Amino acid sequence: MPLPLPVPDLVSLDLLCSVADLGSIKRAADAHGISQPAASMRLRSLEKAVGVALLERGAGHARLTPAGEAVVQWSSEIISKVTSLLEGVRALRAEGDGTLTLAASMTVAEYLVPQWLSRLRLMDPEITAYLLMGNSEGVLEIVRTERADIGFVEGSAVPSHFEQALVFSDDLVVVVSPGHPWANRKKVVTSTELAKTPLIMRESGSGTREVLHKALGTQGLSPVSLVELASNTALKSMVVSGAGPGVLSRLVTKAEVESGQLVIVRTRGLSLERSIRAVWLRGRKPSQAARRLLEVAAGVA
């Protein structure tokens, strides 16, 4: 029979169970490989879906309400059965190594995955690949919930319950339109000046944003956001239009820099190197197709 709507999100129920086990939203978020704000948003959406308060929130802790305790008790058995279902489906999928589901951050999906899959196709024409895209935080969640065999993320922060392998090294650059005052200046832009300038940036959860925050954070600085966008293409278009400086992967800006649409600004005192890593769940051996893709990525990138 049809389920009564709205149906609570299983991932959010699983997160609530982790809050019950670990005693705080932050610790539960760390265990699930997501940020604390993302976890809080999921839990509030869950409370809205079920129509009752599930948590009492305090400084550094979160306690279940009586309704929350009941929901956790009912959820535990459901989550256990869904986990068994996913493991069974994963086993069925692994029986035929001809299917591969991968998840990749936006930069990797747009600029690296196509050549990886082309090379993989030449090696083994029988493999059918499916690509899921998101920011780095989203990719970790996709892999954690076993919706993909392997994921590719930017930045450096990979939770301990993932295995990881370095496949590519990249760096970020500050770019402006040719008409921007920074385009032709001889003096380099310092990290302090960059931190004071409103920037066109990627959204929270993006590996690109993480690297920029970390680089400025080592000097006690943080970037100022003019606008935040979830698309490299949209970000480039806005910078090209002259709206302001942007921070993007050198890989992403290569074509526009070569055509003269964007200019890379020289900076000083700022380390913007980053790594692109393959990730998979710790204790879970990647499928044969995923291992082949990892070999291709490490060789082509």
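A few points on the structure. (Residues numbered from 1 in each chain as written. Predicted model: local features only at pLDDT ≥ 70, side-chain atom pairs only at ≥ 80, totals over all residues. Heavy atoms only, no water.)

**Remarks on the packing of helix α1 (residues 10-22) against helix α2 (residues 25-32)**
No. 1: Remark: α1 packs on α2, axes separated minimally by 8 Å, with the N-to-C direction vectors making an angle of 125 degrees. As judged from the angle between their axes, α1 and α2 are oblique. Between α1 and α2 lies a crossing of right-handed hand. Contacts from D14, L15, S18, V19 and L22 in α1 reach I25, R27, A28, A29, A31 and H32 in α2. (Axes fitted to C-alpha atoms, helices over the stretch in contact; angles between N-to-C directions. Helix = DSSP H or I, 4+ residues; strand = E, 2+ residues; numbered from the N terminus. Parallel < 35°, antiparallel > 145°, perpendicular 65-115°, else oblique. Left-handed = near helix turned anticlockwise from the far one by under 90°. Contact = heavy atoms within 4.5 Å.)

**Overview of the layout of surface pockets**
No. 1: By volume, the largest pocket amounts to about 380 Å³.
No. 2: Lining the largest pocket are 14 residues, with D14, T83, L86, R144 and T145 sitting closest to its centre.
No. 3: For the lining of the largest pocket, the secondary-structure elements that each account for two or more residues are α1 and α4 (66-95).
No. 4: Residue composition of the lining of the largest pocket, grouped by class: six nonpolar, two polar and six charged.
No. 5: Size it by volume and the second largest pocket reaches roughly 330 Å³.
No. 6: Lining the second largest pocket are 17 residues; nearest its centre among them are E137, L140, A157, G205 and E210.
No. 7: Counting residues per element, the ones that place at least two in the lining of the second largest pocket are α7 (136-144) and α9 (207-217).
No. 8: With four residues, the single largest contributor to the lining of the second largest pocket is α9.
No. 9: A class-by-class count of the residues in the lining of the second largest pocket yields five nonpolar, eight polar and four charged. (1 Å grid on protein atoms, 1.4 Å probe; cavity = no way out; pocket = protein on both sides within 12 Å on 5 of 7 lines; lining within 4 Å. Points joined across faces, edges and corners; volume = space filled by probe spheres on them. Nonpolar A, V, L, I, M, F, W, Y, C, P; charged D, E, K, R; others polar.)

**Re the packing of aromatic side chains**
No. 1: Tallied over the full model, the rule gives one aromatic pair.
No. 2: Plain terms: the ring middles of W116 and F152 are 4.8 Å apart, the flat faces sit at 50 degrees to each other, and that makes the pair tilted. Here W116, found in helix α6 (residues 113-123), pairs with F152, found in strand β5 (residues 150-154); they are 36 residues apart in sequence, far enough to count as distant. For the pair W116 and F152, one class covers both residues: buried. (Phe/Tyr/Trp six-rings, centres within 6.5 Å; stacked < 30°, edge-to-face > 60°. Buried < 20%, exposed > 50% of the residue type's maximum accessible area, 1.4 Å probe, protein only.)

**Quick word on the side chain of E47**
No. 1: Relative to the elements of secondary structure, E47 occurs in helix α3 (residues 36-50).
No. 2: At a separation of 2.8 Å, a polar atom in the side chain of E47 contacts the main-chain amide nitrogen of L54.
No. 3: Looking at E47, its side chain comes within polar contact range of the main-chain nitrogen of L55, at 3.2 Å.
No. 4: Residues in contact with E47, not counting those within four places in the same chain, are V52, A53, L54, L55 and R57. (Polar contact = N/O pair within 3.5 Å; in protein donor to acceptor, adjacent residues only side chain to side chain.)

**What about unusual backbone geometry?**
No. 1: Not every positive phi belongs to a glycine, and E146 is a case in point at roughly 60 degrees.
No. 2: Judged by its relative accessible area of 15%, E146 falls in the buried class.

**A look at the packing of α1 against α3**
No. 1: Look at α1 against α3: their axes get within 9 Å of each other, and the N-to-C directions meet at 110 degrees. The angle between the axes of α1 and α3 places the two elements in the roughly perpendicular class. Where α1 crosses over α3, the two elements pack in a sense that is left-handed. Along the contact surface, α1 presents V11, S12, L13, L15, L16 and V19, while α3 presents A39, R42, L43 and L46.

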